[in-house]
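Chain by chain, the residues run as shown.
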Amino acid sequence: SSSQVNVPIVATPKPRSPTEQALFTYGNEAGLAILTFDNAHADMAQVLKDWFAERANASKIAGVNAIADDLTKAGRSLEALPSVPAAAVAGNTALASALEDAGSKLRAVAAAGGGSDAAFVDAMNTYNAAADSFTSSYIALAQVFSIYGVSFSNSDTGSAFQFQQ
């Protein structure tokens, strides 16, 4: 009688080209900036909801301003990355700018929250446009990784740029 041994087949990842490796390294560095923000503000929706219910409450305003400041910080972290591959320069610049803009516009919303409804609505509309710009920039940068076939495992900080299915 012959004994049969089942050996699992493990796919060996194909080696990355220099461009793919540069994008992979960059994606992990940029992803760290995004995940640092996300992890610090996992409760962002609740903080904003609580502030909206009490727009003149100083501690609620401080919570919104902390989110705004960290959006700006994330943008500056992206701007400060030392070696952004050519394929990602435009996307990195756009995302960094969009994060900083969203941060400043969110701070303006918090400042307008205690004032007139018209000023508050104007600030919200301006922030919403900045948030839309952030979303577009984020998706565009995520597409760069996809175009070049660069993927990240769930344990890579670059996974911030992969959409979960």
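Residues numbered from 1 in each chain as written. Predicted model: local features only at pLDDT ≥ 70, side-chain atom pairs only at ≥ 80, totals over all residues. Heavy atoms only, no water.

Moving on to the packing of helix H3 (residues 58–79) against helix H4 (residues 86–112). For the pair H3 and H4, interaxial distance at closest approach is 8 Å and the crossing angle is 165°. As far as their axial angle goes, H4 and H3 are roughly antiparallel. Seen from above, H3 lies across H4 with left-handed handedness. The residue inventory of the contact of H3 with H4, partitioned by class, reads 13 nonpolar, six polar and five charged. (Axes fitted to C-alpha atoms, helices over the stretch in contact; angles between N-to-C directions. Helix = DSSP H or I, 4+ residues; strand = E, 2+ residues; numbered from the N terminus. Parallel < 35°, antiparallel > 145°, perpendicular 65-115°, else oblique. Left-handed = near helix turned anticlockwise from the far one by under 90°. Nonpolar A, V, L, I, M, F, W, Y, C, P; charged D, E, K, R; others polar.)

Right, let's talk about the environment of Gly75 for a bit. Looking at where Gly75 falls in the secondary structure, it is placed in helix H3. Along the chain, Gly75 and Gly103 lie 28 residues apart, while their C-alpha atoms are 8.8 Å from each other. Those residues in contact with Gly75 that sit more than four places away from it in its chain are Ala96, Leu99 and Glu100. (Contact = heavy atoms within 4.5 Å.)

The full count for this structure, using the stated rule, is nine aromatic pairs. Counting every residue linked through ring pairs, the aromatic cluster contains Phe24, Tyr26, Phe134, Tyr138, Phe145, Phe152 and Phe161. The ring of Phe120 has Arg55 lying over it, and the distance from NZ or CZ to the ring centre is 4.0 Å. (Phe/Tyr/Trp six-rings, centres within 6.5 Å; stacked < 30°, edge-to-face > 60°. Lys NZ or Arg CZ within 6 Å of the ring centre and 35° of its normal.)

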